[in-house]
Amino acid sequence: MPDPLLDVNQVAELLGTTPRFTRRLVAERRIEFIKVGRHVRIRPAVVADYLATNTVQPISARRSTLRKAA
């Protein structure tokens, strides 16, 4: 059996945002979704892919641009 589909409120909870942000992701076609009649559903794997795609890695080495004090 495939993963259960998530509604907008459940996705917002997973992302730690508001349902409005999730609806905007759907409206702007920034996340894959499934239409079930008038309802929008999102697979958990899609949320995981969205998070992986939008994760920003920290800079590993930082160059010092400051001068040393005299």
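Residues numbered from 1 in each chain as written. Predicted model: local features only at pLDDT ≥ 70, side-chain atom pairs only at ≥ 80, totals over all residues. Heavy atoms only, no water.

Counting eleven residues, the largest nonpolar core consists of L6, V11, L15, L25, V26, I31, V40, I42, V46, V47 and Y50. Of all elements in the fold, only α1 (8–15), α2 (19–27) and α3 (44–53) reach the threshold of two or more residues within this core. Ranked by the residues each element gives to this core, the list is headed by α3, at three residues. Leave out the neighbours within four places in its chain, and L15 touches F21, L25, V47, Y50 and L51. (Core = buried A, V, L, I, M, F, W, Y, C linked by side-chain atoms within 4.5 Å. Buried < 20%, exposed > 50% of the residue type's maximum accessible area, 1.4 Å probe, protein only. Helix = DSSP H or I, 4+ residues; strand = E, 2+ residues; numbered from the N terminus. Contact = heavy atoms within 4.5 Å.)

For the rest of this paragraph, the subject is the pattern of salt bridges. Taken as a whole and judged by the stated rule, the model has three salt bridges. We note a salt bridge from R24 to E28, for which the minimum N-O separation is 3.8 Å. With its nearest N and O atoms 2.5 Å apart, the salt bridge here joins R43 to E32. Of this pair, R43 sits in the loop between β2 (39–41) and α3 while E32 sits in the loop between α2 and β1 (34–36), and the two are eleven residues apart along the sequence. Look at E32 and you get partly exposed, because its relative accessible area is 48%. Residues joined in a network through salt bridges with shared partners are R24, E28 and R30. (Salt bridge = Lys/Arg side-chain N within 4 Å of Asp/Glu carboxyl O.)

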